[in-house]
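The lines below spell out each chain.
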Amino acid sequence: MTIFRVDFGSDIGLGHLMRSLVYAKEFNEVIYISKSNQKELLPYPLITIKDEEEFFSHVKKLQPKEVIVDNYAFTLEYQKEFKKLFPDIKLSCFDDEYKEYFCDEIINHNISADITKYKQPHKVKIIPPLIRDEFKTEKQKKRDKIYDFFIALGGADTQNLTATIIKSLPKEKKICAVTTTANKYLKELEQIANEYSNVDLHVNTHEFAKLLHQSKFAIITPSVIVHEVLFMQIPFCAIKTASNQDDIYNYLKQHGYTVMEEFDPRLCDA
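A few points on the structure. No experiment lies behind these values; they were computed from the predicted model shown. (Residues numbered from 1 in each chain as written. Predicted model: local features only at pLDDT ≥ 70, side-chain atom pairs only at ≥ 80, totals over all residues. Heavy atoms only, no water.)

1. Remarks on the packing of helix 2 (residues 52-62) against helix 3 (residues 76-85)
Relative to each other, helix 2 and helix 3 sit at 25 degrees, their axes nearing to 11 Å. Here helix 2 lies roughly parallel to helix 3, going by the angle between them. Once helix 2 is placed against helix 3, the crossing between them reads as right-handed. Of the residues in helix 3, those touching helix 2 at Glu52, Phe55, Phe56 and Val59 are Tyr78, Glu81, Phe82 and Leu85. For the contact of helix 2 with helix 3, a count of residues per class yields six nonpolar, no polar and two charged. (Axes fitted to C-alpha atoms, helices over the stretch in contact; angles between N-to-C directions. Helix = DSSP H or I, 4+ residues; strand = E, 2+ residues; numbered from the N terminus. Parallel < 35°, antiparallel > 145°, perpendicular 65-115°, else oblique. Left-handed = near helix turned anticlockwise from the far one by under 90°. Contact = heavy atoms within 4.5 Å. Nonpolar A, V, L, I, M, F, W, Y, C, P; charged D, E, K, R; others polar.)

2. So, the sheet that holds strand 11 (residues 218-220)
Read from one edge of the open sheet, six strands run 10-9-8-11-12-13, paired in parallel fashion. Two strands in the sheet have a free side with no partner beyond their single neighbour: strand 10 (199-203) and strand 13 (258-260). Neighbour to neighbour, the strand axes of the sheet diverge by 20 degrees on average, direction disregarded. Judged from the three bridges that link them, strand 8 (residues 149-152) and strand 9 (residues 175-179) form a sheet pairing that is parallel. Pairing of Phe150 across the sheet is with Cys176, part of strand 9. Contacting strand 12 (236-239) and strand 13, helix 9 (residues 246-254) runs over the sheet at an angle of about 135 degrees to strand 13. (Pairing = 2+ DSSP bridges.)

3. As for the environment of Lys125
By the secondary structure assignment, Lys125 is in strand 7 (residues 124-126). Separated by 47 residues in the primary sequence, Lys125 and Tyr78 have C-alpha atoms spaced 21 Å apart. Here Lys125 is in contact with Tyr23, Glu105, Ile106, Ile107 and Asn108, once residues within four sequence places are set aside.

4. Points about the sheet that holds strand 6 (residues 105-108)
As summarised here, the arrangement of the seven strands in space is 3-2-1-4-5-6-7, forming an open sheet in which the pairing is parallel. With partners counted over all chains shown, the strands left at the sheet margins are strand 3 (46-48) and strand 7, one partner each. Averaged over all pairs of adjacent strands, the angle between their axes in this sheet comes to 25 degrees, without regard to strand direction. Here strand 2 (residues 30-34) runs beside strand 3; their pairing, made up of three bridges, is parallel.

5. Re the pairing of strand 6
With burial as the criterion, each face of strand 6 is covered, one bearing Glu105 and Ile107 and the other bearing Ile106 and Asn108. The pairing of strand 6 with strand 7 spans three bridges and is parallel. Bridge pairing links Ile106 to Val124 in strand 7. (Buried < 20%, exposed > 50% of the residue type's maximum accessible area, 1.4 Å probe, protein only.)

6. Digging into unusual backbone geometry
For Tyr98, which is not a glycine, the phi torsion comes out positive at approximately 60 degrees. Inspection of the secondary structure assignment puts Tyr98 in the loop between strand 5 (90-94) and strand 6. Residues other than glycine seldom take positive phi values, yet Asn160 does so here, at roughly 55 degrees. Considering the arrangement of structural elements, one finds Asn160 in the loop between strand 8 and helix 5 (161-168).

7. A look at the pattern of salt bridges
Counting across every chain of the model gives 19 salt bridges. Its salt-bridge partner being Arg19, residue Asp96 comes within 2.8 Å of it at the nearest N-O pair. Remark: Arg19 occurs in helix 1 (residues 15-24) and Asp96 occurs in the loop between strand 5 and strand 6; sequence separation between them is 77 residues. Under the relative-accessibility criterion, Asp96 is labelled buried at 6%. Arg19 gets classed as buried once you look at its relative accessible area, which sits at 2%. The partner of Lys174 in a salt bridge is Asp200, and the shortest N-O contact between them spans 3.6 Å. Note that Lys174 is positioned in the loop between helix 5 and strand 9 and Asp200 in strand 10, a separation of 26 residues in sequence. For Lys174, a relative accessible area of 28% translates into the label partly exposed. Its relative accessible area of 25% is what places Asp200 among the partly exposed residues. Several salt bridges converge on common partners, so that one network encompasses Arg5, Asp7 and Glu52. (Salt bridge = Lys/Arg side-chain N within 4 Å of Asp/Glu carboxyl O.)

Structure (structure tokens):
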């Protein structure tokens, strides 16, 4: 059995969940443990906890072979406590920021991954970007480009940028906006979609790859979604919305891709 310790929701988004779900397919028996209770987002059993003490209690009861953490809140101190309590259980941690870890394995799947930046490179496992199967299937199909802009700024869009960008784009441009029920600004977006005839809003869509494929240009964050947009070969602009996006942001900037530290309305002239 493998346990995935991942938090997700309106405050922190769904990026960690999405990439962990791709990785989870490599394991036979999977259980998720999270502070979230949104079971509808998972194809695996979910145990909801209040704190790490409760998490440790479940680990003791379940005795997994491995625990994989994709959660910034699972700090170095928690990692040390985990290995003290469970020295024989493999602890693996996803990383985006080259932090210090006390675990058995550090996993980095970003296009910007640089093993030389780690203090313990012997523990680092750099893997190819985790692309969901729906994108691999979709790429083989032919689609008409029916959208001028595709907007996907994370399942939570904590800065409510989707609304700002929609209002800034020309009304004659067809827009596809994608979000989830984890977005606390969802009601506002739904109202905008009702008022703007050029906007199609998709919530918790199962056709993310298709909608992206049908778009001419994507407005995204420099996060997990970058790998999928690059895979689909869609022109894009990545707008940084959080510090944990710095590494991919800098990589994209250095390699000549269009990036922004914050939204600039001049993008709307594209």
